[in-house]
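Chain by chain, the residues run as shown.
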Amino acid sequence: MIVTFDKVSTKEGIRELSLSIDLSRVTVLADPTENLSRAILNSMVGLDEIREGEITVDGLPLHDFLCREPQISNFGYVFDEGIMLSNLSLKENLMLPLRWINPNLDEAETEALIQSWLKTFSLKLDMTQRPVAYRPGPLKLLSFVRTLLIAPRVLIIDDPIIS
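Residues numbered from 1 in each chain as written. Predicted model: local features only at pLDDT ≥ 70, side-chain atom pairs only at ≥ 80, totals over all residues. Heavy atoms only, no water.

**Observations concerning the environment of Gly46**
Here is step 1: With respect to the helices, strands and loops of the structure, Gly46 is situated in the loop between helix 1 (35-44) and strand 3 (50-57).
Here is step 2: The exposure class assigned to Gly46 is partly exposed, which follows from its relative accessible area of 46%.
Here is step 3: Along the chain, Gly46 and Leu62 lie 16 residues apart, while their C-alpha atoms are 8.3 Å from each other. (Helix = DSSP H or I, 4+ residues; strand = E, 2+ residues; numbered from the N terminus. Buried < 20%, exposed > 50% of the residue type's maximum accessible area, 1.4 Å probe, protein only.)

**Observations regarding the nonpolar core**
Here is step 1: Core analysis: the biggest nonpolar cluster contains 22 residues, and Met1, Val3, Phe5, Leu23, Met44, Phe75 and Ile156 have the highest contact counts within it.
Here is step 2: For this core, the elements supplying multiple residues, two or more each, are strand 1 (2-10), strand 2 (17-22), helix 1, strand 3, helix 2 (62-68), strand 5 (75-78) and strand 6 (154-157).
Here is step 3: At 4 residues, helix 1 tops the list of elements feeding residues into this core.
Here is step 4: Sequence-distant contacts of Val3, that is, excluding residues within four places in its chain, are made with Leu19, Ser20, Ile21, Leu23, Met44, Ile55, Thr56 and Val57. (Core = buried A, V, L, I, M, F, W, Y, C linked by side-chain atoms within 4.5 Å. Contact = heavy atoms within 4.5 Å.)

**Re the packing of aromatic side chains**
Here is step 1: Applying the stated criterion across every chain yields a total of 3 aromatic pairs.
Here is step 2: Consider the rings of Trp117 and Phe121, whose centres lie 6.2 Å apart with planes at 35 degrees: the pair is tilted.
Here is step 3: By the ring-pair criterion, three or more aromatic residues cluster together here, those being Trp117, Phe121 and Phe144. (Phe/Tyr/Trp six-rings, centres within 6.5 Å; stacked < 30°, edge-to-face > 60°.)

**Looking at the side chain of Thr110**
Here is step 1: Within the secondary structure layout, Thr110 lies in helix 5 (residues 107-120).
Here is step 2: The exposure class assigned to Thr110 is buried, which follows from its relative accessible area of 10%.
Here is step 3: Aside from chain neighbours lying at most four places away, what touches Thr110 is Met95, Leu98 and Leu105.

**A few points about the sheet that holds strand 4 (residues 60-61)**
Strands pair in a sheet through their backbones, by hydrogen bonds, and they do so in one of two ways: parallel or antiparallel.
Here is step 1: The strand order across the open sheet built from 4 strands is 2-1-3-4, with neighbouring strands paired in antiparallel fashion. Two strands in the sheet have a free side with no partner beyond their single neighbour: strand 2 and strand 4.
Here is step 2: Here strand 1 pairs with strand 2 via 5 bridges, running antiparallel. Within the sheet, the bridge partner assigned to Thr4 lies in strand 2 and is Ser20.
Here is step 3: Each of strand 1, strand 2 and strand 3 touches helix 1; the most contacted strand, strand 1, lies at about 110 degrees to it. (Pairing = 2+ DSSP bridges. Axes fitted to C-alpha atoms, helices over the stretch in contact; angles between N-to-C directions.)

Take a look at the structure:
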């Protein structure tokens, strides 16, 4: 997957950026200030308003690419703080995107997959609790689980360091 920025300016502060990113391998956007890399990622997944220029994915305008199939099938985004909906339990937060993609999913199979990923990340959490019951570190790891359950084409990690 090739993402190309052609003289892109955005609301978040990108100014006339021309850049091509090959996402077929591991790609790291290193930015000590975390401002430009976050703005690039946000504009790629449609979270930032593009004011000028164009972003294309494999030659398609970003909007067309994102409209072809559910965005989360292509881009799995792990937010910096492991953001989850506070009014849902941890399990409900994991299930929300899965049910959106597949409303008829097999509950037993999904539960086994969740438990497998929790074990992989050495997470021992009470899945009936709300996110406020846990510190940011475990929530960020759980957001990795949530994203990997979806199996997106590209995993986008905002600030990969887990605090």
